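# Notes for the structure review
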Amino acid sequence: ETLMAANPSLTGKTVVITAGPTREALDPVRFLSNHSSGKMGFALAAAARRAGAEVTLIAGPVSLATPPGVKRIDVVDSREMRDAAERAADLCDLFIAAAAVADFRPATVAEQKIKKQDDSEEDVVALVKNPDIVAGIAARSSRRPFTVGFAAETEKVLEHARGKLVRKKLDLIIANDVSTEDGGFDSDRNAVTVIDSTGSETLPPALKTELAERLIEIIAARAFAQ
Ligand code: CTP
Ligand code: CA
């Protein structure tokens, strides 16, 4: 594989990508999270770098190597990810939200390990909503980058993805059926449909690394082509 595309489509552009899950602490030894592997976001960061961009990758807890030439910022919870994303987005042309941000966090973080009560067979954890990171970036009135989101769905994939495109005011959304073998969270493969206000394009199932190349081409063309 070549290090740099023959015709780098993102030369001179600054790209920020969020990737992986977030972890929301419940007490010193427990957290709420999800099965995101970070593979898609890391593959996009590598592809954007190969396309000539300056890339900042804001990563939740994942066990993946940093792609060559990419600046990585490690974060743990959604509010740290939001703060890092807002800071990095001030200077960027393109923002891609590939992270699986936890939608809720425990309303309080216990200072000590929570003990189970001997006299009760159930317990309840109060949750509060986390900030919507990509919607915050897309809602900017100044220093607003071209903003791309993902939609991980298990049913009515295109309908739900279109709803998110509009609600979050995104420029483009990549819809992903996570109920299929190819779309699974830990899979090396993925099958996606790219949707914007003008229509949609379904890409054939492929390795996440291959798909990332194609997605970066499509995004670069829509974001920056005259
Ligand atoms: N996202 C985000 N911040 C959040 C939640 C989601 O930036 N707090 C971003 C994701 O990175 C993704 C897009 O929003 O690019 C859609 O995420 P998804 O979880 O599919 O959508 P939600 O709006 O959280 O809706 P739901 O989980 O209820 O389907
Ligand atoms: Ca969500």
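Residues numbered from 1 in each chain as written. Chains lettered and ligands numbered in written order. Predicted model: local features only at pLDDT ≥ 70, side-chain atom pairs only at ≥ 80, totals over all residues. Heavy atoms only, no water.

### Some thoughts on the overall build of the protein
Under the convention used in this document: Put simply, DSSP marks the helices as runs of H or I at least four residues long and the strands as runs of E at least two long, and each gets a number from the N terminus on. Each radius of gyration reported is based on C-alpha atoms, and the globular scaling rule is 2.2 Å times the count of residues to the power 0.38. Residue contacts are defined here by distance: any two heavy atoms, one from each residue, within 4.5 Å place the two residues in contact. Using the Shrake-Rupley algorithm and a 1.4 Å probe, accessible areas are obtained, with residue cover drawn only from the displayed protein chains. Here the positive residues are Lys and Arg and the negative ones are Asp and Glu; neither His nor the chain ends is included. A charge is said to be at NZ when it belongs to Lys, at CZ for Arg, at CG for Asp and at CD for Glu.
When its secondary structure is counted, the protein shows 5 helices and 14 strands. Its C-alpha atoms give the protein a radius of gyration of 18 Å, near enough to 17 Å, the size a compact globule of 226 residues would have. Taking the principal axes of its C-alpha atoms as reference, the protein extends roughly 65 × 40 × 35 Å. Within the protein, contacts between residues at least 6 apart in sequence are counted, and of these 62% link residues at least 24 apart. Summed over all atoms, the accessible surface of the protein reaches about 12,200 Å², with 50% contributed by carbon and sulfur. Charge centroids of the protein, computed over 29 positive and 33 negative side chains, lie 4 Å from each other.

### Quick word on the sheet that holds strand 6 (residues 94-97)
Where we set the bar: Strand pairing is assigned whenever DSSP detects at least two bridges linking the two strands. Axis lines are fitted through C-alpha atoms, for helices just across the contact stretch, and the angle between N-to-C directions can take any value from 0 to 180 degrees.
Strand order across the open sheet formed by 8 strands is 5-4-1-6-9-10-12-13, with mixed pairing between neighbours. With partners counted over all chains shown, the strands left at the sheet margins are strand 5 (71-74) and strand 13 (199-202), one partner each. Within the sheet, the average angular offset between the axes of one strand and its neighbour, ignoring direction, is 15°. Pairing analysis gives 4 bridges linking strand 12 (residues 192-196) to strand 13, with the strands arranged antiparallel. By the bridge assignment, Ile195 is partnered in strand 13 with Ser200. Contacting strand 1 (14-19), strand 4 (54-59), strand 5 and strand 6, helix 2 (residues 78-89) crosses the sheet at an angle of about 170° to strand 4.

### Considering the coordination of the calcium ion (ligand 2)
What counts, and what does not: Counted as donors are N, O and S atoms no farther than 2.8 Å from the metal, or 3.2 Å for Na, K and Ca; water is not among the atoms, and sites may therefore look incomplete.
For the calcium ion (ligand 2), the protein coordination sphere consists of Asp103 (OD) and Asp103 (OD), at 2.5 Å. Note on placement: Asp103 falls in the loop between strand 6 and strand 7 (104-106).

### So, the site of ligand 1
Using the following cut-off: To be near a molecule or strand, a residue needs just one of its heavy atoms within 4 Å of it. Contacts described as polar in this section are N or O atom pairs within 3.5 Å, which, within protein, must combine one atom able to donate a hydrogen with one able to accept it, while residues neighboring in sequence count only if both atoms come from side chains. In this classification, Asp, Glu, Lys and Arg are treated as charged, Ala, Val, Leu, Ile, Met, Phe, Trp, Tyr, Cys and Pro as nonpolar, and every other residue, Gly included, as polar.
By nearness alone, 14 residues border ligand 1, and Ala97, Ala99, Pro131, Lys164 and Lys168 come closest of all. Ala97 places a main-chain nitrogen or oxygen 2.7 Å from an oxygen atom of ligand 1. The separation between an oxygen atom of ligand 1 and a polar main-chain atom of Ala99 is 2.7 Å. When the free accessible area of ligand 1 is taken as 570 Å², the share hidden by the protein chains comes to 77%. For the shell around ligand 1, the leading source of residues is strand 9 (residues 146-153), giving 4 residues. Split by residue class, the shell around ligand 1 holds 9 nonpolar, 1 polar and 4 charged.

### As for the UniProt feature "binding site: CTP" (unreviewed entry) in the protein
Rules: UniProt positions are given in the numbering used here, feature names are shortened, and annotations may be inferred rather than shown by experiment.
Under the feature "binding site: CTP" (unreviewed entry), the UniProt entry names Asp103, Lys113, Pro131, Asp132, Ile133, Val134, Phe150, Lys164 and Lys168. Their sequence span is 66 residues, while the largest C-alpha to C-alpha distance among them is 37.2 Å; these annotated residues do not converge on one region. Mapped onto the fold, Lys113 is located in the loop between strand 7 and strand 8 (127-129). Once residues lying within four places of it in the same chain are set aside, the contact partners of Lys113 are Asp27, Pro28, Val29 and Arg30.

### Topic: the nonpolar core
Defined as follows: By convention a nonpolar core is built from buried Ala, Val, Leu, Ile, Met, Phe, Trp, Tyr and Cys residues, the set being connected through side-chain atoms within 4.5 Å. We call a residue buried when its accessible area falls under 20% of the maximum for its residue type, exposed when it is over 50%, and partly exposed in between, using a 1.4 Å probe and counting protein chains only.
Grouped together as the largest cluster of nonpolar side chains are 38 residues, with contacts concentrated most on Leu10, Val15, Leu44, Ile96 and Leu215. If you list the elements that add at least two residues to this core, you get strand 1, helix 1 (39-50), strand 4, strand 6, strand 9, strand 10 (172-177), strand 12 and helix 5 (208-224). With 8 residues, the top contributor of residues to this core is helix 5. If sequence neighbours within four positions are ignored, Leu215 has contacts with Met40, Leu44, Ile174, Val192, Val194 and Leu203.

### Digging into the packing of helix 1 against helix 5
Just so we agree on the cut-off: For classification purposes, an angle smaller than 35 degrees is called roughly parallel, one larger than 145 roughly antiparallel, one from 65 to 115 roughly perpendicular, and anything else oblique. Here a crossing is called left-handed whenever its near helix is offset anticlockwise from the far helix by less than a right angle, and right-handed whenever the offset is clockwise.
Packing of helix 1 against helix 5 brings their axes to within 8 Å, and their N-to-C directions diverge by 50°. Here helix 1 lies oblique to helix 5, going by the angle between them. Relative to helix 5, helix 1 is oriented so that their crossing is right-handed. Taken together, the residues of helix 5 that come into contact with helix 1 (itself represented by Lys39, Met40, Ala43, Leu44, Ala47, Ala48 and Arg50) are Lys208, Thr209, Leu211, Ala212, Glu213, Leu215 and Ile216. In the contact of helix 1 with helix 5, the residues fall into 9 nonpolar, 1 polar and 4 charged.

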